[in-house]
Amino acid sequence: MDSVGVVIAFYVLSAITIVSAASIFLLRNLVHAIVLLVVVFLGMAGLFLTLSADFIAVAQILIYAGAISVLFVFAVMLTPLASRDNGNSLYAGPGLLLGGAIAAIVVVTAFDVEWNQLTGVALEQRSFTDTIEVIGNQLLGPHVLAFEVASVLLLFALLGAIVLVTDPNNEDGTTAEEEAGKDTAVGGSE
Amino acid sequence: MIPDEFGRVVILLGVALAFPALPLLVSYLLYLFHIRPERPDPIKHETYECGVIAEGGSWGQFNARYYLFALGFVIFDVEVVFLYPWAVIHADLAATALVKAAIFIGILAFGLAYAWKRGALEWR
């Protein structure tokens, strides 16, 4: 029976995720924080696996651990203050309020929702089926509009990036250009 | 309950962690038993950049144009995740599923064509 393994995996993955998430706040080096963020994403992917959500777990690795973390790295690379640590937190107060509010919502939801949809024998007899066919049928059936609107959302993200990058009025300063040129000269030899 | 197959992922994880750790461990053991010589050199600790001597730190501010490539990667990565469920079930569905996916890809292809036309994909 795999339940013992699942319980062990749940606690190990939870410990990895929580310790990494707490370390992100304590670390002063932004790049180290991003690496730990990837560990958090991977731990959450493992937690999704213990919940039998195989597609979500793989999507979590692909999107969050693979792509979103790259965006974080780029955000640090493009920021002028990237050479400093994250010591000057201007929005500590509002951030604490917002984080506390979100945490309160999550806690209230966790206690309010009736999680035990299946109990006893029904839970034991339930067998694992991969979720991807169900997701596909839902995505192309009742939720096809959301499926297409997601494409529009991605389109606007792409257009926004193009506008951000190619706007001729937004070329502030040549120092960034020169530095970037040097970076490409070094990196271009690969 | 998840099947035992996912338990094998843990074995894969162990192998993946051991694979880079093992050479370091073997190297350290060889050093402990004085089989491997220890001759530190500043040049050995330089960052390897394809034989080119690295200039300055890696903490400088990079060009904002890199961001388009990062975001483009994220966008098409998300597109793949959306198309994967479609690819699994499309054989069982009618031709309308093909049209739905074609609309999805078409909207994003429009964005890619626009980026191409504006020259955003070229490095200037």
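Residues numbered from 1 in each chain as written. Chains lettered and ligands numbered in written order. Predicted model: local features only at pLDDT ≥ 70, side-chain atom pairs only at ≥ 80, totals over all residues. Heavy atoms only, no water.

Caption draft 1: Geometry of the packing of helix α2 (residues 30–50) of chain A against helix α3 (residues 54–78) of chain A. All names here are of chain A. It is at 8 Å that the axes of α2 and α3 come closest, and there the two elements cross at 170°. Comparing the axis directions of α2 and α3 gives the class roughly antiparallel. For the pair formed by α2 and α3, the contact residues are Leu30, Val31, Ile34, Leu37, Val38, Phe41, Leu42, Met44, Ala45, Phe48 and Leu49 on the first element and Asp54, Ile56, Ala57, Gln60, Ile61, Tyr64, Ala65, Ser69, Phe72, Val73 and Val76 on the second. Residues of the contact of α2 with α3, tallied by class, amount to 19 nonpolar, 2 polar and 1 charged. (Axes fitted to C-alpha atoms, helices over the stretch in contact; angles between N-to-C directions. Helix = DSSP H or I, 4+ residues; strand = E, 2+ residues; numbered from the N terminus. Parallel < 35°, antiparallel > 145°, perpendicular 65-115°, else oblique. Contact = heavy atoms within 4.5 Å. Nonpolar A, V, L, I, M, F, W, Y, C, P; charged D, E, K, R; others polar.)

Caption draft 2: Up close: the domain arrangement of chain B. You can read the domains of chain B as domain 1 (1–60) and domain 2 (62–124). Taking only C-alpha atoms, the centre of domain 1 of chain B and the centre of domain 2 of chain B are 36 Å apart. (Domains from an automatic or database assignment.)

Caption draft 3: A look at the packing of aromatic side chains. For the coordinates displayed, the defined rule picks out 7 aromatic pairs over all chains. Between Phe10 of chain A and Tyr11 of chain A the ring centres are 5.4 Å apart and the planes differ by 75°, which places this aromatic pair in the edge-to-face class. Taking the relative accessible area as the measure of exposure, Phe10 of chain A reaches 37% and is therefore partly exposed. Residues Tyr28 of chain B and Tyr31 of chain B carry aromatic rings whose centres are separated by 6.2 Å and whose planes lie at 45° to one another, so their mutual orientation is tilted. Taken together, the residues Tyr28 of chain B and Tyr31 of chain B, both in helix α1 (residues 7–32) and 3 residues apart, mark about one turn of the helix. One aromatic cluster is present, built from ring pairs that chain together Phe147 of chain A together with Phe82 and Phe104 of chain B. (Phe/Tyr/Trp six-rings, centres within 6.5 Å; stacked < 30°, edge-to-face > 60°. Buried < 20%, exposed > 50% of the residue type's maximum accessible area, 1.4 Å probe, protein only.)

Caption draft 4: Region of the structure containing the environment of Val19 of chain A. Residue and element names in this part refer to chain A. The topology assignment puts Val19 in helix α1 (residues 3–26). Judged by its relative accessible area of 53%, Val19 is exposed. For the pair formed by Val19 and Val152, sequence separation is 133 residues and the distance between their alpha carbons is 37 Å.

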